[in-house]
Amino acid sequence: MRQLAAILFADMLGYTALMQENEHLAGVKRRRMKEVLDQAVVKANGKVIQFYGDGSLSIFNSAIDSVRCAIDIQQQLQQEPRVELRIGIHTGDVTMEEDSIYGDGVNLASRIESMGIPGGILISEKVYDEIKNQENISTREMGFFELKNVTQPVKIYAISNAGLVVPGRDDLRGKTKQTSNRLAVLPFVNLSADPENEYFSDGITEELLNALTRVDGLRITSRTSSFAFKGKNHDIRDIGIQLNVDKLLEGSVRKSGNLVRITAQLINAADGYHIWSESYDRDLTDIFMVQDEISQIIANKLRENLTPTQKAEHIVKPSTSNIDAYTLYLKGVHCCNKLTPADSKKGIACFEEAIKLEPGYAQAYAMAAGAYAYLGATGQLLPENAYPIVKEYAHKALELDSENAESHIAMASNYLFHEFKWKEGFESLQRALQLNPGAIEAYELLGYYYMIMGNPLEAVRVMKEAVLLDPLSPIVLSSLGSAYFFSEQYDEVIKECDKLLELDPNSRSAIEQKAYAIGMKGDWKKALELFKEVHRLTKHPLKGLMGLGYTYGRLGMIKEAMDVVEKLERRQQEEPGSVIDADLAAVWIGIGDLDKAVHHIEQSSLKGMGPVNYFHRFPPFRSVSSHPKFQELRKKFEKEGKLAILN
């Protein structure tokens, strides 16, 4: 018989050694453990499945019951005669046959228990999701761990109620795999007299981060998550847990004219120990040499855990000899990282000015291409205007440097969003990840590719990998939520949205995604309230209306839905450079007028937004797929090679 259960493993430490030293005391402690377990498990509506020597396996119908039972057990066993017990809990599918139980959930619960310490309780993220809102249960995040015979790293939490022993991350060893070297590069502090030089310190940080991603055997946390700690005074150990890293690189930059002082420290995340530190006083013309030297030292320090052989290699390749062009490039990167249309346009201006000073500047071309792709994909520029420039700049960058990952990513964006060349887009992304395994933008586009191709489970897998590299990135968490949505795993969508909302309670994308998931689970009235909040947060009467209009239609509130249509049409008149047709199509689908919906889908596609691919995959809008006019439109785009068909 197969069932979903909370699985609790408990194991008494030191039992074998105690049997050899004092058999009577060992027996007393084992009997006490058994008595406490039997009573506590029955009281918590659970069932003891097995007692084996010095351990036991119990199951519960409720994760909350299992955790409360574990707390009760540990608090009792802290009293004399004290029993040193460790407990691990996980929820998952199990198969029951007579008195036997097995399954992946059982194996994972066993691995988690093996990592524990006496007097403590460890739980998986699945259990945490069930108990996190319980007022009488406290937790502490331990971070991700790679466990033997478990494919994906597992996030583990410790129960931290009074009377329990809470471990440090370094205490959790157990049945873990030999970990690879994980490093986060924290934002270098700007110590220059001019605060405007912050672009320079941020740029140096990012350049070092990008360089280290190219080192075999190292896994580098991506920029967004590392920069989440900028200007914050967090404990090093806490940062290590949140980013799931072993080491942290931090430092400072002081720039005065053409002179620069860079200080860097490599720190062990588990205890804050400074492994290495150095200061460099150099002329700006030597900036790439300093970056290369720091990268080599860090790479070799981390390699000591993998191999005793150190390598003499040049990790940083000078991208330009023109320091003025390089300064403009760093300013452009600083602007684009703010992820607003206005700042992206400022970034483009900096990149294009750098190209004027240095016509052979491949990286400037690549970043300008990426910025134009962002504006085209978000509808801030008409795709027909944005993507030809994307293609031109990316092609030029690849001519100058074929091993530039950002150029391949920009070219992939053009293929996927404008030219609809799916094979070429996929190949460009694969090449980008070969060149830079930490290129988060490539993961995001690859996830989009798999969703469009009708393989959302592969999109989920790809985006889970991205989360490990960039665990605090709102964009990455949102993309994982989208992958779950396309695979119709709505409960998982809601969990990812809740994580996003913990990072940013006003995240419109998270609220919107959660609203669709709740609606698809059957509660469109509750979804409507969330869509109203999305619209409110835009602080614009004509924006953030698509989900609201669609839901009004679904609920039969036609007058309100038509009011949304009128507002969207007014916005189209006021902003002729924006593409609003996809929003209108969604509202008409909600209303049930599929003729008008297909008209706007076609118009949006003709304007280069290509939503046909999304509309026949996106679960709430699939009703349009069977409409005869949509079928005609599909055939037209299939013939032109613009529509991805995989199933």
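What counts, and at which threshold
- Residues numbered from 1 in each chain as written.
- Predicted model: local features only at pLDDT ≥ 70, side-chain atom pairs only at ≥ 80, totals over all residues.
- Heavy atoms only, no water.
- Helix = DSSP H or I, 4+ residues; strand = E, 2+ residues; numbered from the N terminus.
- Rg over C-alpha atoms; globule rule 2.2 N^0.38 Å.
- Buried < 20%, exposed > 50% of the residue type's maximum accessible area, 1.4 Å probe, protein only.
- Contact = heavy atoms within 4.5 Å.
- Areas by Shrake-Rupley, 256 points an atom, 1.4 Å probe, with all protein chains shown as cover.
- Lys, Arg positive; Asp, Glu negative; His and termini not counted.
- Charge placed at Lys NZ, Arg CZ, Asp CG, Glu CD.
- Polar contact = N/O pair within 3.5 Å; in protein donor to acceptor, adjacent residues only side chain to side chain.
- Pairing = 2+ DSSP bridges.
- Core = buried A, V, L, I, M, F, W, Y, C linked by side-chain atoms within 4.5 Å.
- Expected span 1.5 Å × (residues − 1).
- pLDDT = per-residue confidence, 0-100.
- Disulfide = S-S within 2.5 Å.
- Axes fitted to C-alpha atoms, helices over the stretch in contact; angles between N-to-C directions.
- Parallel < 35°, antiparallel > 145°, perpendicular 65-115°, else oblique.
- Left-handed = near helix turned anticlockwise from the far one by under 90°.
- Nonpolar A, V, L, I, M, F, W, Y, C, P; charged D, E, K, R; others polar.
- Phe/Tyr/Trp six-rings, centres within 6.5 Å; stacked < 30°, edge-to-face > 60°.
- Lys NZ or Arg CZ within 6 Å of the ring centre and 35° of its normal.

### A few points about the overall build of the protein chain
Within the protein chain, the regular secondary structure consists of 27 helices and 14 strands. The C-alpha atoms of the protein chain give 28 Å as radius of gyration, which agrees with the globular expectation for 647 residues (26 Å, within 12%). Along the three orthogonal principal directions, the C-alpha set of the protein chain runs to about 85 × 70 × 40 Å. Taking all 647 residues of the protein chain together, the buried fraction comes to 56%. Sequence-distant contacts in the protein chain: of pairs separated by 6 or more residues, those separated by 24 or more amount to 62%. Just so you have it, the protein chain exposes about 28400 Å², and 47% of that area is on carbon and sulfur atoms. With 75 positive and 88 negative side-chain charges, the protein chain shows a spacing of 2 Å between the two charge centroids.

### So, the side chain of Arg-86
Secondary-structure assignment places Arg-86 in strand β4 (residues 85–97). Polar side-chain contacts of Arg-86 include one of 2.7 Å to the side chain of Glu-113. If sequence neighbours within four positions are ignored, Arg-86 has contacts with Phe-9, Ala-10, Asp-11, Leu-13, Gln-74, Glu-113, Ser-114, Gly-116, Ile-117 and Gly-120.

### Thoughts on the pairing of strand β2 (residues 47–52)
Pairing analysis gives 5 bridges linking β2 to strand β3 (residues 55–60), with the strands arranged antiparallel. Looking across to β3, one finds that Tyr-52 is bridged to Gly-55. Once β2 ends, the chain turns through 2 residues before running back antiparallel as β3, passing Gly-53 with a positive phi of about 60°.

### Let's talk about unusual backbone geometry
With phi around 65°, Glu-488 is a residue other than glycine that occupies positive phi space. Residue placement: Glu-488 occurs in the loop between α18 (474–486) and α19 (490–503). The backbone of Lys-539 sits at a positive phi, close to 55°, despite the residue not being glycine. Counting through the fold element by element, Lys-539 comes out in the loop between α21 (524–538) and α22 (546–554). The class for Lys-539 is exposed, based on a relative accessible area of 77%.

### Overview of the nonpolar core
Phe-200, Ile-262, Ile-287, Ile-294, Tyr-329 and Tyr-516 are the most contacted members of the largest nonpolar core, which totals 140 residues. In contact with Tyr-329, not counting residues within four places along its chain, are Glu-207, Phe-351, Ala-354, Tyr-361, Gln-363, Ala-364 and Met-367. Ala-44, Phe-60, Ile-73 and Ile-131 belong to the second-largest nonpolar core, a separate cluster that totals 32 residues.

### Remarks on helix α6 (residues 198–212)
The end-to-end C-alpha distance of α6, which contains 15 residues, comes to 21 Å, matching closely the 21 Å that a straight helix rising 1.5 Å per residue would cover. A large share of α6 lies buried, amounting to 14 of its 15 residues.

### Observations concerning the environment of Ile-220
The residue Ile-220 is located in strand β11 (residues 218–220) in this model. In sequence terms Ile-220 and Val-245 are 25 residues apart; their C-alpha atoms lie 8.4 Å from each other. Not counting the four nearest positions on each side in its chain, Ile-220 is found in contact with Leu-183, Leu-209, Leu-212, Thr-213 and Leu-469.

### A word on the confidence of the model for the protein chain
Across the protein chain, pLDDT averages 87, with 93% of residues at or above 70. Taken as a whole, residues 305–312 scores under 50 in pLDDT and shows 9 contacts with residues more than four places along the chain or in a different chain.

### As for the state of the cysteines
Throughout the structure, instances matching the rule amount to 0 disulfides. Here Cys-335 is not disulfide-linked; the sulfur of Cys-350 is the nearest cysteine sulfur, at 5.0 Å.

### Looking at the packing of α18 against α19
Taken N-terminus to C-terminus, the directions of α18 and α19 make an angle of 165°; their axes are 8 Å apart at the nearest point. With respect to their mutual orientation, α18 and α19 come out roughly antiparallel. For the pair α18 and α19, the crossing hand works out as left-handed. Residues Pro-474, Leu-477, Ser-478, Leu-480, Gly-481, Tyr-484 and Phe-485 of α18 lie in contact with α19, whose contacting residues are Tyr-490, Glu-492, Val-493, Glu-496, Leu-500 and Leu-503. Here the contact of α18 with α19 is built from residues that sort into 9 nonpolar, 2 polar and 2 charged.

### Side note on the packing of aromatic side chains
Scanning the model with the defined rule gives 23 aromatic pairs in all. Consider the rings of Tyr-199 and Phe-200, whose centres lie 6.3 Å apart with planes at 85°: the pair is edge-to-face. Taking the centre distance of 5.5 Å and the plane angle of 40° together, the rings of Tyr-329 and Tyr-361 count as tilted. Residue Tyr-329 is found in helix α10 (residues 323–336), and its partner Tyr-361 is found in the loop between α11 (341–357) and α12 (362–377); the two are separated by 32 residues along the sequence. An aromatic cluster of at least three residues, connected via ring pairs, comprises Phe-485, Phe-486, Tyr-490, Tyr-516, Trp-524, Phe-531, Tyr-550, Phe-618 and Phe-621. The ring of Phe-227 has Arg-223 sitting right over it, with the charged end atom 3.9 Å from the ring centre. The ring of Phe-200 has Lys-255 lying over it, and the distance from NZ or CZ to the ring centre is 5.6 Å.

### Structural notes on the environment of Ile-511
Looking at the element boundaries, Ile-511 is found in helix α20 (residues 508–520). If sequence neighbours within four positions are ignored, Ile-511 has contacts with Leu-501, Pro-505, Leu-530, Glu-533, Val-534 and Leu-537.

### Considering the packing of α18 against α20
Two elements in contact, α18 and α20, have axes separated by 11 Å at closest approach and are oriented at 15°. Taken together, the axes of α18 and α20 are roughly parallel relative to one another. Both α18 and α20 take part in a crossing whose hand is left-handed. In this structure, α18 contributes Ser-478, Gly-481, Ser-482 and Phe-485 to the contact, and α20 contributes Ser-509, Gln-513, Tyr-516, Ala-517 and Met-520.

### A word on α12
With 16 residues, α12 extends 22 Å from end C-alpha to end C-alpha; this agrees with the ideal 22 Å at 1.5 Å per step. Taken across its 16 residues, α12 has 13 buried, putting it largely inside the fold. At the exit of α12 stands Gly-379, carrying a positive phi of roughly 80°.

### Digging into the environment of Arg-508
Its location among the elements puts Arg-508 in helix α20. Sequence separation between Arg-508 and Phe-531 is 23 residues; the distance between their C-alpha atoms is 9.1 Å.

### So, the side chain of Ser-478
Summarising the element assignment, Ser-478 is placed in helix α18. On the basis of relative accessibility, which here comes to 15%, the residue Ser-478 falls in the buried class. Among residues more than four places away in sequence, those in contact with Ser-478 are Leu-500, Ser-509 and Gln-513.

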